[in-house]
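# Structure at a glance
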Amino acid sequence: MEDGLDISDCGEKVRQLIYKHLQTEGIEVRDSISILDASFKEEVERNVLPATQAAQIEHAIKREISVRMEEDEIFYTSLKKKVEDLLERFKERQMNIFELLEKLDSARYEIFKKVDGQTKSGLTSAQEPYYNKLVEVFDGKREEKELKKFSVEIHQFIKETVTPIRDWTSKSDFKRKLNADLKVTLLKKKISMSDASMLVGYFTALAEVQYG
């Protein structure tokens, strides 16, 4: 098949689910383009079969998630699971191909909004990844308002600490002090030592993505 869709990063289960009939019938599948591309929807609609369209959208979503995972691991991991659940429901015949297409397009739009800076939390796009991680850790044990306040303060602390330092990610002494100061900041929020230690690692890695 010429110029076939690259599905090397998809699991075998997904390939069998979406592409089985394409392989047996020898139908050409166009290469995916970024879901952020203005012509993405038009490109998808050039495929006649709904299953082919679903294949292209699913592949493009997973590729974009893979590229952006470190920007907000909680958000993108959750979205990846949502897509996998949709495919499983389709396989189990709990929805038809047109319902699958509609829900995949909604998932695509979630990424589009995320990249465009639109957040579910109402925080800035830079603050939200901190908030999403805190929500996961505390799982309803702390008020949403409190966690948003923590997120703003932690992000601000990190930003003000690292941005004045040139090539800070390569300075081991600076990073050790950053980790220590960040842990103290978290402990002052009455976060346990074990959670604080885990969050320090997560937040400093996030800081490298945002300000490295």
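Higher on the page you've got the structure.
These notes cover the structure that comes with them. The written sequence of each chain sets the order in which its residues are numbered from 1. In view of the model being predicted, local features appear only for residues whose pLDDT reaches at least 70, and side-chain atom pairs are presented and counted only at 80 or more, with totals across whole chains, interfaces and linings using the full set of residues. In computing side-chain values, all of the structure's heavy atoms are included and hydrogens and water are not.

In this section: the nonpolar core. Note on terminology: a nonpolar core comprises buried Ala, Val, Leu, Ile, Met, Phe, Trp, Tyr and Cys residues joined through side-chain atoms within 4.5 Å. Residue exposure (1.4 Å probe, protein chains only): buried if accessible area is under 20% of the type maximum, exposed if over 50%, otherwise partly exposed. Counting residues in each nonpolar core, the largest one holds 24 residues, and the members touching the most others are Tyr130, Leu134, Ile154, Ile158, Leu182, Leu186 and Phe203. Counting residues per element, the ones that place at least two in this core are helix H6 (128-138), helix H7 (144-162), helix H8 (172-187) and helix H9 (193-211). The numbering of helices and of strands both runs from the N terminus, where a helix is a DSSP run of H or I of at least 4 residues and a strand a run of E of at least 2. Sort the elements by how many residues they give to this core and H9 lands first, with 7 residues. With sequence-adjacent residues up to four places away left out, Leu182 is seen in contact with Ile154, Phe157, Ile158, Val200, Phe203 and Thr204. By definition in these notes, contact holds between two residues if any of their heavy atoms fall within 4.5 Å.

With that settled, the discussion passes to the packing of helix H3 (residues 50-68) against helix H4 (residues 73-91). Pairs of packed helices are described in terms of their axes, by the angle between the two and the distance that separates them. For helices, the fitted axis covers only the stretch in contact; all axes are lines through C-alpha atoms, and the angles between them, taken along N-to-C directions, range from 0 to 180 degrees. One way to put it is that H3 packs onto H4 with a least axis distance of 10 Å and a crossing angle of 160°. On the basis of the axis angle, H3 is roughly antiparallel to H4. The interaxial crossing formed by H3 with H4 has left-handed handedness. Of H4, the residues touching H3 (which contributes Glu58, Ile61, Lys62, Ile65 and Arg68) are Tyr76, Leu79, Lys80, Val83, Glu84 and Leu87. Polar here means any residue outside two lists: the nonpolar Ala, Val, Leu, Ile, Met, Phe, Trp, Tyr, Cys and Pro, and the charged Asp, Glu, Lys and Arg; Gly therefore counts as polar. When its residues are assigned to classes, the contact of H3 with H4 shows 6 nonpolar, no polar and 5 charged. Just so you know how the angles are binned, under 35 degrees is roughly parallel, over 145 roughly antiparallel, 65 to 115 roughly perpendicular, and the rest oblique. Handedness of each helix crossing follows the sense of rotation of the near helix against the far helix: counterclockwise by less than a right angle gives left-handed, clockwise gives right-handed.

With that out of the way, let us pick up the pattern of salt bridges. Put simply, a salt bridge is a Lys or Arg side-chain nitrogen that is within 4 Å of an Asp or Glu carboxyl oxygen. Scanning the model with the defined rule gives 19 salt bridges in all. Between Lys114 and Glu128 there is a salt bridge, with its nearest N and O atoms 2.9 Å apart. Taken together, the positions of Lys114 in helix H5 (residues 97-115) and Glu128 in helix H6 put the pair 14 residues apart, joining distant regions of the chain. Across this residue pair, the class does not change: Lys114 and Glu128 are buried. The salt bridge partner of Glu153 is Lys149, with a shortest N-O separation of 2.6 Å. Of this pair, Glu153 and Lys149 are both found in helix H7, 4 residues apart, which corresponds to roughly one turn of the helix. When salt bridges that share partners are traced, they join Glu64, Arg68 and Glu71 into one network.

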